[in-house]
Amino acid sequence: MNLRSLFWILVGNTVYALAVTMFVLSNGLITGGTTGLALFFYHQFGMPIQWFVTVFNVLMFLLGAAVLGRKFALTTIVSTFYYPFILSVFQKVPALGQMTEDNLLAVVFAGLFIGAGIGVVIRAGASTGGMDIPPLVLNKKLGLSVSGTMNGMDTGILLLQMFFSDREKILYGILLVLIYTMVLNKVLLLGQARMQVKVVTEHYEEINQAIASQLDRGVTLFKSRTGHLKRDGYVVMSVVNNRELVQLNQLIQEIDPQAFIVINQVNEVRGRGFTLKKEYD
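We now turn to the structure provided with this report. Fair warning: this is a prediction, and the values are worked out from it, not measured in the lab. (Residues numbered from 1 in each chain as written. Predicted model: local features only at pLDDT ≥ 70, side-chain atom pairs only at ≥ 80, totals over all residues. Heavy atoms only, no water.)

### Thoughts on the overall build of the protein
Defined as follows: The helix count covers DSSP runs of H or I at least four residues long, the strand count covers runs of E at least two residues long, and both are numbered beginning at the N terminus. For this measure, only C-alpha atoms enter the radius of gyration; the expected value for a globule follows 2.2 Å times N^0.38, where N is the number of residues. Only protein chains enter the accessibility calculation, which uses a 1.4 Å probe; a residue whose area is less than 20% of its type maximum is buried, one above 50% is exposed, and one in between is partly exposed. Between two residues, a contact is recorded if the distance between any of their heavy atoms is within 4.5 Å. Using a 1.4 Å probe, accessible areas were evaluated by the Shrake-Rupley method; residue-level cover was limited to the displayed protein chains. When charges are counted, Lys and Arg contribute as positive and Asp and Glu as negative, whereas His and the chain ends are disregarded. The location of each charge is read from NZ of Lys, CZ of Arg, CG of Asp or CD of Glu.
Along the backbone of the protein there are ten helices and four strands. By the compact-globule yardstick of 19 Å for 281 residues, the protein is too spread out, its C-alpha radius of gyration being 24 Å. Expressed as lengths along the three principal axes of its C-alpha atoms, the size of the protein is roughly 75 × 40 × 35 Å. Counting only residues that meet the buried cut, the protein has 42% of its 281 residues in that class. Taking contacts inside the protein between residues at least 6 apart in sequence as the whole, the part at least 24 apart equals 74%. Surface summary for the protein: the accessible area is close to 16,100 Å², and the carbon and sulfur share equals 60%. Of note, the protein has its 22 positive side-chain charges centred 8 Å away from the centre of its 17 negative side-chain charges.

Given below as structure tokens:
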């Protein structure tokens, strides 16, 4: 773990703790996660919350260490100790008390802060521990979406609390989960989304050369045949960022105004020019 990763892990946990202090605890909101699960076992089986949280977090830590590796275990230890510390500090600051009496407003801002905080921690290669670990394990083993899995688990935990909690609080809790998982998903994809452009044109070689020389982007040519006239040719495919998309579109229109263009947003691109440095022959 380098200093940069450590910095972002601390930042993410700090934002998370701010959300809990200013909006969740002060407004009596409920959430999913380990605490929500502990409340269910306490009311249904009489198991002390502190014991359940301790045992559950240890088990999840061991699971994460076994599946996700030593680096993950080390960074999760940082979150495990830093988060409760900074949370206790914030709770002693009067200015960070109840920010609003409107529960709906509190849910929205709590969702924004929590989603951003957890997202920053996960992007740094760690987690905040507890129920954050199973979605990461399922993502690695089965390729399931982190935010989607977290959403489903937290919603299930909230529904379990219907047996002993106010139904309106449950609805607020579900809304909170939906908001912070959407924000989490955006944070995880931040800076990684790209635009994939496919061009059907008779001037494929000119467009190929123009993209390489003017945009400094790679191009792949796919053999193609038109459906109506049965003409053989090539489809030009390239991946660019949002800023380059406008320039690419103008470039194509200058060479072939009749070109057929298909544009798709892709969530992540890996390889030379994106996650690897460009190399020139």
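### Regarding the sheet that holds strand β1 (residues 194-200)
Using the following cut-off: Paired strands are those between which DSSP finds at least two bridges. Axes here refer to lines fitted to C-alpha atoms; in helices the fit is confined to the stretch in contact. Angles between the N-to-C directions go from 0 to 180 degrees.
Spatially, four strands are ordered β2-β3-β1-β4 in an open sheet, and the strand pairing comes out antiparallel. One side of each edge strand has no neighbouring strand; the edge strands of this open sheet are β2 (220-225) and β4 (260-266). Each adjacent strand pair in this sheet contributes to an overall mean axis angle of 25°, direction not counted. Bridge count between β1 and strand β3 (residues 232-240): six bridges; the pairing is antiparallel. Looking at the pairing, Lys198 lines up with Met237 of β3. Of the strands in this sheet, β1, β2 and β3 touch helix α9 (residues 204-215), which is tilted by about 20° from β3.

### Things to note about unusual backbone geometry
One non-glycine residue, Asp216, lies in positive phi territory at about 60°. Examined against the element boundaries, Asp216 turns out to sit in the loop between α9 and β2. A positive phi is found at Lys230, a non-glycine position, where the angle reads about 60°. Residue placement: Lys230 occurs in the loop between β2 and β3.

### Considerations on the packing of helix α5 (residues 103-123) against helix α8 (residues 167-189)
Here is the rule we go by: The hand of a helix crossing depends on one turn: near helix anticlockwise from the far one by less than a right angle means left-handed, and clockwise means right-handed. Throughout, the ten residues Ala, Val, Leu, Ile, Met, Phe, Trp, Tyr, Cys and Pro are labelled nonpolar, Asp, Glu, Lys and Arg are labelled charged, and all others, Gly among them, are labelled polar.
Where α5 contacts α8, the axes come no closer than 7 Å and their chain directions differ by 35°. Two packed elements cross with a definite hand, and for α5 against α8 that hand is right-handed. Of the residues belonging to the contact of α5 with α8, the class tally is 19 nonpolar, four polar and two charged.

### Regarding the side chain of Asn13
Structurally, the position occupied by Asn13 is in helix α1 (residues 3-25). For Asn13, a relative accessible area of 0% gives the class buried.

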